[in-house]
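These are the residues of each chain, in order.
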Amino acid sequence: MPSVAVVILNWNGRSYLEQFLPSVLASAGAGVEVILADNASTDDSVAFVEGAFPTVRVIRNKVNGGYAQGYNEALTRVQADYYVLLNSDVEVTPGWLEPMLDLMESDPGIGACQPKLLAYNERHTFEYAGAAGGWLDVLGYPFARGRIFEFCEIDHGQYDTTAPISWASGAALLIRASVYHEAGGLDPYFFAHQEEIDLCWRLQAAGYRLYAVPASVVYHVGGGTLPKGNRRKVMLNFRNNLLLLLKNMPLGRLCWVFPLRYALDVVAAYRELAKGNVIYWKAILQAHAEVWAWVFSRSKPGAWPVRRVMPADGMYRGSVVWEYFVRGIKTFDKIMQKDLSSPGKTA
């Protein structure tokens with residue numbers, strides 16, 4: 001049996017640990033170690049875990065470096081064949097690891113995979129963070145099987161096939177330890193949000209494939225650290241999506257995609273301002289300022305792809321923005337039906 005380390009990154013999350021850690025421990029079979037990586041919490045979550053769950057190994061990071069740096073630091077101290085990067089607000093189901101491990105063991109060319117993510121509070125609905133596997137459109141907008149922008153579909157088995165994807169959710173990511181370090185880990189500049197998409201893009205550039213394994217099911221609360229609508233969360237999502245393109249997209253495509261994406265961001269900012277949402281408007285302006293600061297900085301630390309390529313899997317050649325906001329198509333399967341019916345196009 002391969003060795004597996006389930007690593008839960010924590011920052012002031014005692015309530016989630018108390019609620020969800022028992023399900024993780026109950027599902028941890030032979031060869032599975034459960035580890036809490038604490039990002040310099042100021043609550044009593046570490047003391048609570050050490051007292052209530054003595055079998056859980058605790059790694060203490062000195063500072064809160066966010067999701068990316070937090071995992072990078074912790075995983076240098078973890079020895080295993082596979083890592084599972086698991087959010088603290090995730091409830092796992094019995095046997096959730098086995099389908100993913102079986103797939104990974106069957107093909108060394110698969111670098112990482114994810115389970116099916118359902119919403120914890122609406123248990124028949126796909127969850128925003130990754131649903132049934134991540135995709136990208138022609139402009140680099142991320143969406144997923146079962147989730148287009150803010151619309152999450154009801155799960156009635158429509159995406160229950162194991163399938164290649166362009167990115168796997170960081171809420172519950174199974175990845176080969178050797179591949180994680182070979183790729184340089186997560187980019188700490190991202191801090192949080194879309195850093196797993198950047199990692200997955202780099203994995204595909206290195207020749208690995210990624211899969212969604214819906215036979216494995218977890219339930220995700222979402223927004224455990226930064227709630228929906230939080231200014232910093234909005235800023236990170238807009239900033240990091242542009243950085244994602246600047247780092248990974250082939251230059252020929254980037255030359256026309258980046259200006260268009262930038263303009264669409266500006267439209268989004270002033271649309272929200274017209275609605276009276278000043279916080280959202282300020283967050284996008286801040287995101288753009290930080291992107292330009294990154295562009296003109298002499299040193300750009302972080303993990304870079306071995307080459308700039310578009311992902312081979314999980315790519316929609318059309319615009320999900322057009323389909324969702326203009327045509328009103330809000331489900332993944334209908335967008336794919338349209339794409340496959342277009343001459344010369346394949347999903």
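Heads up: these notes are all about the structure in this document. (Residues numbered from 1 in each chain as written. Predicted model: local features only at pLDDT ≥ 70, side-chain atom pairs only at ≥ 80, totals over all residues. Heavy atoms only, no water.)

1. Overview of the packing of helix H7 (residues 231-248) against helix H9 (residues 278-296)
Axes are the key here: two packed helices are described by the angle between their axes and the distance separating the axes. Following both chains from N to C, one finds H7 and H9 inclined at 35°, their axes separated by 8 Å at the closest point. Here H7 runs over H9; the crossing is right-handed. For the pair H7 and H9, the contacting residues are Arg231, Val234, Met235, Phe238, Arg239, Leu242, Leu243, Leu246 and Lys247 in the first and Ile279, Tyr280, Lys282, Ala283, Ile284, Gln286, Ala287, His288, Glu290, Val291, Trp294 and Val295 in the second. A per-class count over the contact of H7 with H9 returns 14 nonpolar, two polar and five charged. (Axes fitted to C-alpha atoms, helices over the stretch in contact; angles between N-to-C directions. Helix = DSSP H or I, 4+ residues; strand = E, 2+ residues; numbered from the N terminus. Left-handed = near helix turned anticlockwise from the far one by under 90°. Contact = heavy atoms within 4.5 Å. Nonpolar A, V, L, I, M, F, W, Y, C, P; charged D, E, K, R; others polar.)

2. Things to note about the side chain of Ser216
Its location among the elements puts Ser216 in strand E13 (residues 209-220). Those residues in contact with Ser216 that lie beyond four places of it in its chain are Trp96, Pro99, Met100, Pro115 and Lys116.

3. Digging into empty space enclosed by the protein
Taken as a whole and judged by the stated rule, the model has one cavity of 30 Å³ or more. As for the largest cavity, its lining consists of Ile8, Tyr16, Leu17, Phe20, Leu21, Val24, Leu86, Asn87, Ser88 and Val90. Contributions of two or more residues to the lining of the largest cavity are made by helix H1 (14-26) and strand E4 (82-87). When residues of the lining of the largest cavity are assigned to their parent elements, the largest contribution, five residues, is made by H1. Considered class by class, the residues forming the lining of the largest cavity number eight nonpolar, two polar and no charged. (1 Å grid on protein atoms, 1.4 Å probe; cavity = no way out; pocket = protein on both sides within 12 Å on 5 of 7 lines; lining within 4 Å. Points joined across faces, edges and corners; volume = space filled by probe spheres on them.)

4. Examining a nonpolar patch on the surface
Among the surface-exposed residues, Val266, Tyr270 and Leu285 lie close enough to one another that they form a single nonpolar patch of about 250 Å² accessible area. With respect to the helices and strands, the residue Tyr270 is situated in helix H8 (residues 251-274). (Patch = residues over 30% accessible without salt bridge, like charges linked within 9 Å, V, L, I, M, F, W, Y side chains within 5 Å. Areas by Shrake-Rupley, 256 points an atom, 1.4 Å probe, with all protein chains shown as cover. Salt bridge = Lys/Arg side-chain N within 4 Å of Asp/Glu carboxyl O.)

5. Structural notes on the packing of aromatic side chains
Applying the stated criterion to the full structure yields 22 aromatic pairs. Judged by centre distance (5.6 Å) and plane angle (85°), the ring pair of Tyr159 and Phe332 falls under edge-to-face. Linking Tyr159 in the loop between strand E10 (151-152) and strand E11 (163-165) with Phe332 in helix H11 (residues 332-341), this pair joins segments that are 173 residues apart in sequence. In terms of burial, Tyr159 and Phe332 fall into one category: buried. When the centroid spacing of 6.1 Å and the interplanar angle of 70° are considered together, the rings of Tyr270 and Trp281 count as edge-to-face. With Tyr270 in helix H8 and Trp281 in helix H9, the pair connects residues that are 11 residues apart, well separated along the chain. Residue Tyr270 is classed as partly exposed on the basis of its relative accessible area of 45%. (Phe/Tyr/Trp six-rings, centres within 6.5 Å; stacked < 30°, edge-to-face > 60°. Buried < 20%, exposed > 50% of the residue type's maximum accessible area, 1.4 Å probe, protein only.)

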